[in-house]
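What the coordinates show
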Amino acid sequence: MAKFLITGANGQVGYCLTKQLQGKHEILAVDRDELDITDQSEVQNTVENFCPDVIINAAAHTAVDRAEKEIELSEAINVKGPQYLAEAAKDVGAVILHISTDYVFDGQRTGQYKETDKTDPQGVYGKTKLAGEQAVAKANDKFIVLRTAWVFGEHGNNFVKTMLRLAKTRDGLGVVADQIGGPTYAGDIAAALIQIAEKIVAGEEVQYGIYHFTGEPYVSWCDFAKAIFDEAISQNVLEKAPFVNAISTADYPTPAKRPTNSCLDLTKIQQVFGIEPSDWKKALKNIKAYAE
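Residues numbered from 1 in each chain as written. Predicted model: local features only at pLDDT ≥ 70, side-chain atom pairs only at ≥ 80, totals over all residues. Heavy atoms only, no water.

Helix and strand counts for the chain stand at eleven helices and 14 strands. Taking 2.2 N^0.38 as the reference for a compact globule, 292 residues should give roughly 19 Å; the C-alpha atoms of the chain span a radius of gyration of 19 Å, in line with that estimate. Each principal axis of the C-alpha atoms in the chain carries an extent, and together these give about 55 × 40 × 40 Å. Per-residue burial over the chain gives 52% buried out of 292 residues. Looking at the chain alone, contacts between residues at least 24 apart form 80% of all its contacts between residues at least 6 apart. When the accessible surface of the chain is split by element, carbon and sulfur atoms take 46% of a total near 13300 Å². Considering the chain, the positive charge centre built from 30 side chains and the negative charge centre built from 40 side chains are found 4 Å apart. (Helix = DSSP H or I, 4+ residues; strand = E, 2+ residues; numbered from the N terminus. Rg over C-alpha atoms; globule rule 2.2 N^0.38 Å. Buried < 20%, exposed > 50% of the residue type's maximum accessible area, 1.4 Å probe, protein only. Contact = heavy atoms within 4.5 Å. Areas by Shrake-Rupley, 256 points an atom, 1.4 Å probe, with all protein chains shown as cover. Lys, Arg positive; Asp, Glu negative; His and termini not counted. Charge placed at Lys NZ, Arg CZ, Asp CG, Glu CD.)

In C-alpha cells:
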C-alpha cells in the first residue's frame, strides 16, 4: 500500500482519484480549504508530515475566461502551486503527477498534437499551465505531466451538465461546430494517473515526462451536444431534445481564445503504459448521474 497526496480533491478529476484510491492505498485528499498550494511553507509542512510516495496535483485555476483578468491568481495556482508541490515531492523522494491541458498549443494546426510539438498558448490559462509544466519538470526529475482536454464527469461543473440543464428550458441551442477535440471522462483520467503511479511505486522502470490522454472519437462541441441529447432521450432523462444549431466560434465570442483544434496524439501513452483513450460514449451511458 502506497501513500498518495491528492490536491484539488473536490474538482472533477480529484474527486474521481479519491474515490478510486479509497481502500487501495493510504490517501490524503485535500482541497483549497485543507491545503493552499500557493503557500510554500504550508505545502512543505503537509508533504513532510504525510511523506507521500506519490503526489497527484489535480488543483488548477481552470476558469479560462476569468483567467484573462485574474492573472496573478492564475500564476499562483497554475505555476507556483505545482512548483512548490514538485519541490516538496523531491525533498521526500516522491514522484509528482501533474494535470495539464491542450491549451498549451495554439490550436491552429491540422492533425493531432504530439507531446514534442511546439507549444504556443494563446491566453493566460494556457500560458500559466505551460509555465506550470515547466516548473514541475525543473523542480523534480521524477514527474509525469498528463495533458488532457474537454473534461466531464458526474461531479462538478462541465459541458455535459450544462447541456442537460439548458435542454430543460430551451427549445433550441447554438453550439460551436468549428472547434474539434476529444471529450474526456474524469474517471478515465483518474484511472490513467493511478495506473501510471502504481507502476512507479511497484518499482517498474518508467519513462518520465509529458503524455497526452483524451477521449476518442474526436468531435465538435456541436456533435458532442447531439450525442449527449441522444443518450438522454434514450434513457428518458429528457422528454425531447432541443434543436442544436451549429454555430461558429465567431458567433460566440469569449474573453479567452479557444483552440480550434484540441486533438492530441495518444500514441505515446498507449505504447509506454498500455493506456487506451477515454471512451466518452461509454461514459455517457451513465447519463442519469449527470442530470441529478
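Before going further, it helps to spend a moment on the pattern of salt bridges. For the structure on display, the rule yields nine salt bridges. Where Glu70 meets Arg66, a salt bridge forms, and the shortest distance between an N and an O atom there is 3.3 Å. For Glu204, the salt bridge is made with Lys199, and the minimal N-O distance between the two is 3.7 Å. (Salt bridge = Lys/Arg side-chain N within 4 Å of Asp/Glu carboxyl O.)

If you trace the six strands from one edge of the open sheet to the other, you get 2-1-3-4-5-10, paired in parallel fashion. On the outer flanks of this sheet lie strand 2 (26-30) and strand 10 (209-212), each paired with one strand and no other. With direction set aside, neighbouring strand axes in the sheet form an average angle of 20°. The pairing of strand 3 (residues 54-57) with strand 4 (residues 95-101) spans four bridges and is parallel. (Pairing = 2+ DSSP bridges. Axes fitted to C-alpha atoms, helices over the stretch in contact; angles between N-to-C directions.)

Our next topic: the packing of helix 4 (residues 71-91) against helix 5 (residues 124-139). The N-to-C vectors of helix 4 and helix 5 enclose an angle of 15°; their axes lie 8 Å apart at closest approach. Here helix 4 lies roughly parallel to helix 5, going by the angle between them. In this structure, helix 4 crosses over helix 5, and the sense of that crossing is right-handed. Where helix 4 abuts helix 5, its residues Ile71, Ser74, Glu75, Asn78, Val79, Pro82, Gln83, Ala86, Glu87 and Lys90 lie against Val124, Tyr125, Thr128, Lys129, Ala131, Gly132, Ala135, Val136 and Ala139. When grouped by side-chain class, the residues that make up the contact of helix 4 with helix 5 number ten nonpolar, five polar and four charged. (Parallel < 35°, antiparallel > 145°, perpendicular 65-115°, else oblique. Left-handed = near helix turned anticlockwise from the far one by under 90°. Nonpolar A, V, L, I, M, F, W, Y, C, P; charged D, E, K, R; others polar.)

Another aspect to go through is the UniProt feature "domain: RmlD-like substrate binding" (unreviewed entry) in the chain. UniProt's feature table lists "domain: RmlD-like substrate binding" (unreviewed entry) at residues 3-287, given in the numbering used throughout. Each end of residues 3-287 is marked by a C-alpha atom, and these two atoms are 33 Å apart; helix forms 40% of the span and strand 19%. (UniProt positions renumbered as here; feature names shortened; annotations may be inferred.)

Our next topic: the packing of aromatic side chains. Under the counting rule described, the total for this entry stands at eleven aromatic pairs. Note on Phe105 and Tyr113: the rings are 4.3 Å apart at their centroids and 15° apart in plane angle, and the pair reads as stacked. Under the relative-accessibility criterion, Phe105 is labelled buried at 2%. For the ring pair Phe152 and Tyr185, a centre distance of 5.9 Å and an interplane angle of 50° mean the geometry is tilted. Pair noted here: Phe152 is in strand 6 (residues 151-152) and Tyr185 is in strand 9 (residues 184-185), with a separation of 33 residues, a long-range link. Given the relative accessible area of 1%, Phe152 is considered buried. Residue Tyr185 is classed as buried on the basis of its relative accessible area, which comes to 17%. A network of ring pairs unites the aromatic residues Trp150, Phe152, Phe159, Tyr185, Trp221, Phe224, Trp280 and Tyr290 as a single cluster. Positioned above the aromatic ring of Tyr113 is the side chain of Arg109, whose terminal nitrogen or guanidinium carbon lies 5.5 Å from the ring centre. Lying over the aromatic face of Tyr211, Lys268 brings its terminal NZ or CZ to 4.3 Å of the ring centre. (Phe/Tyr/Trp six-rings, centres within 6.5 Å; stacked < 30°, edge-to-face > 60°. Lys NZ or Arg CZ within 6 Å of the ring centre and 35° of its normal.)

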